[in-house]
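Structural overview
So the chains spell out like this:
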Amino acid sequence: MRLKDAIPKKGSQQRPRRLGRGISAGQGASCGKGMRGQKSRSGSSTRPGFEGGQNPLYRRLPKLKSFPMVNRKKYTIINVGKLASLPANTEVTLASLMEAGIITSNDGPLKVLGDGELNVALNVHAIGFTATARSKIEAAGGSCQQIGSNQ
């Protein structure tokens with residue numbers, strides 16, 4: 001095999017289309033683009049997503065900020081600072097917090113957040129804990145028990 005032998009196979013290369021060069025060139029006058037209209041003009045066609053001047057779909061859809069999530073998970077949240085008023089070694093659940101009057105409404109499963117200080121050992125049963133809440137409860141000598149799943 002030599003360099004001069006490296007040629008394309010016969011019939012694999014086609015001549016370029018010569019547009020607008022008469023009827024014998026095969027693409028005369030309207031260059032195969034039909035009669036008139038936006039798509040027959042020279043230059044590029046419309047951009048992706050263009051809807052003829054109508055407000056396009058990507059602008060009609062709600063944006064990410066303040067767009068309400070469908071089937072959003074709701075939790076009853078409480079900070080560890082509110083749990084400091086409970087006596088030591090108490091079993092903390094959503095029901096016990098409702099009985100104690102610390103939480104007034106049941107908005108869903110209990111989730112513990114880490115704002116505030118805790119110096120009482122508690123056994124907390126909740127569906128979720130933030131990392132700071134978990135560390136503060138365990139630093140006070142308590143335990144965090146995750147119940148169910150928060151998926």
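Description of the structure in this document. Source: prediction; values computed, not measured.

Conventions we followed
- Residues numbered from 1 in each chain as written.
- Predicted model: local features only at pLDDT ≥ 70, side-chain atom pairs only at ≥ 80, totals over all residues.
- Heavy atoms only, no water.
- Core = buried A, V, L, I, M, F, W, Y, C linked by side-chain atoms within 4.5 Å.
- Buried < 20%, exposed > 50% of the residue type's maximum accessible area, 1.4 Å probe, protein only.
- Helix = DSSP H or I, 4+ residues; strand = E, 2+ residues; numbered from the N terminus.
- Contact = heavy atoms within 4.5 Å.
- Pairing = 2+ DSSP bridges.
- Salt bridge = Lys/Arg side-chain N within 4 Å of Asp/Glu carboxyl O.
- Axes fitted to C-alpha atoms, helices over the stretch in contact; angles between N-to-C directions.

With 19 residues, the main nonpolar core has Leu83, Leu97, Val112, Leu122, Val124 and Ile137 as its most contacted residues. Every element with two or more residues in this core is listed here: helix H2 (80-83), helix H3 (94-100), strand E3 (110-113), strand E4 (123-126) and helix H4 (131-139). Beyond its immediate sequence surroundings of up to four residues, Leu122 is in contact with Leu83, Leu86, Pro87, Thr90, Val92, Ile137, Gly142 and Ser143.

Relative to the helices and strands, Lys136 resides in helix H4. On the basis of relative accessible area, Lys136 is assigned to the partly exposed category, the value being 23%. Counting along the chain gives 22 residues from Lys136 to Gly114, while the straight-line C-alpha distance between them is 7.3 Å. In this structure Lys136 touches Val80, Gly114, Asp115, Gly116, Glu117 and Leu118, once residues within four positions along its chain are discounted.

Spatial ordering of the open sheet is given by E1-E3-E5, a layout of three strands whose pairing is parallel. Two strands lie at the open edges of the sheet, namely strand E1 (76-79) and strand E5 (128-129), each paired on one side alone. Sheet topology places E1 next to E3; four bridges connect them, and they run parallel. Looking at the pairing, Asn79 lines up with Leu113 of E3.

For the rest of this paragraph, the subject is the pattern of salt bridges. With the rule as written, the count across this model stands at one salt bridge. Between Arg60 and Glu51 there is a salt bridge whose closest N-O contact spans 3.2 Å. The partly exposed category is assigned to Glu51, whose relative accessible area is 31%.

So, on to the sheet that holds E4. Taken in spatial order, the three strands make up an open sheet running E2-E4-E6, and their pairing is parallel. Every interior strand has two partners, whereas the edge strands, strand E2 (91-92) and strand E6 (143-146), have only one. Bridging between E4 and E6 involves four bridges; their strand directions are parallel. In the sheet register, Val124 faces E6, and the bridge partner there is Cys144. Across the sheet, H4 touches E4 and E6, and the angle it forms with E6 is around 135 degrees.

Nothing here speaks to function; it is geometry throughout.
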